[in-house]
Amino acid sequence: PRAAFNHASAMAEKALSHVGAPVLSYSSPSPEAPKQSWWLLGVMLAVVGTLVGTIGKQLIRRSEQCKQENRMRQGQLLFVLGLALQVALNPACDLAGYAMAPASVIAPVTGMDIVWNTVMAPCSLGEQLTTRRLTSSAIIFFTATASVMFRQIQEVEWSAEHVVNVMMQTRSMLYG
């Protein structure tokens, strides 16, 4: 199959070069090229995403409080702003974070919503911060932080050959 693919690619390049069309080819990165690791930026974007999401949720909650106080216009504005943060900006930060860091590093950070809400709600919504809530948030914060510190050290380039090798392993065959 590999030889047939290479032969077909060579024929396509030859045909395209005769008609003057630009030829795009894929080449894997050279081993000499320096690899930049963007995992820390990815984690930071995920943390910012959780913060933005928490602010969005709290704005939605505050909008309901404003409606109960008959401040409808302010309530509607806060609702729209909170929804925009929660539905647009939060997922954009998550998406960028997942693009720059492995999911095994980013996933635990998504639990930071609870921490942000626990810390900010007493100030923004007037809610009471109990010892139990503070302790729970501290546990979530430290476990999320610790899981990032124990991230996978070796980064794997997921080429077509690597995917085939992984899928042909006994454990993959038994799982599938």
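First things first, this report covers the structure right here in the doc.

### Notes on unusual backbone geometry
In this structure, Asn70 takes a positive phi of about 60° despite not being glycine. Structurally, Asn70 can be placed in the loop between helix H2 (39–68) and helix H3 (72–100).

### So, the packing of aromatic side chains
In the structure shown here, the tally under the stated rule is one aromatic pair. Ring plane angle 70° and centroid distance 5.3 Å describe the contact between Phe141 and Phe142, whose orientation is recorded as edge-to-face. Residue Phe142 is classed as exposed on the basis of its relative accessible area, which comes to 53%. Sitting above the plane of the Phe79 ring, Lys67 keeps its charged end 5.3 Å from the centroid.

### Regarding the side chain of Ser137
Among the structural elements, Ser137 can be located in helix H6 (residues 131–149). Setting aside residues up to four positions removed in sequence, Ser137 forms contacts with Ile114, Val115 and Thr118.

### Notes on H2
Counted at 1.5 Å a residue, the expected span for H2 with its 30 residues is 44 Å, and the 44 Å between its end C-alpha atoms agrees. Following H2 by one or two positions, Asn70 adopts a phi angle in the positive range, close to 60°.

The rules behind the values
- Residues numbered from 1 in each chain as written.
- Predicted model: local features only at pLDDT ≥ 70, side-chain atom pairs only at ≥ 80, totals over all residues.
- Heavy atoms only, no water.
- Helix = DSSP H or I, 4+ residues; strand = E, 2+ residues; numbered from the N terminus.
- Phe/Tyr/Trp six-rings, centres within 6.5 Å; stacked < 30°, edge-to-face > 60°.
- Buried < 20%, exposed > 50% of the residue type's maximum accessible area, 1.4 Å probe, protein only.
- Lys NZ or Arg CZ within 6 Å of the ring centre and 35° of its normal.
- Contact = heavy atoms within 4.5 Å.
- Expected span 1.5 Å × (residues − 1).

So yeah, pure geometry; function would need other evidence.
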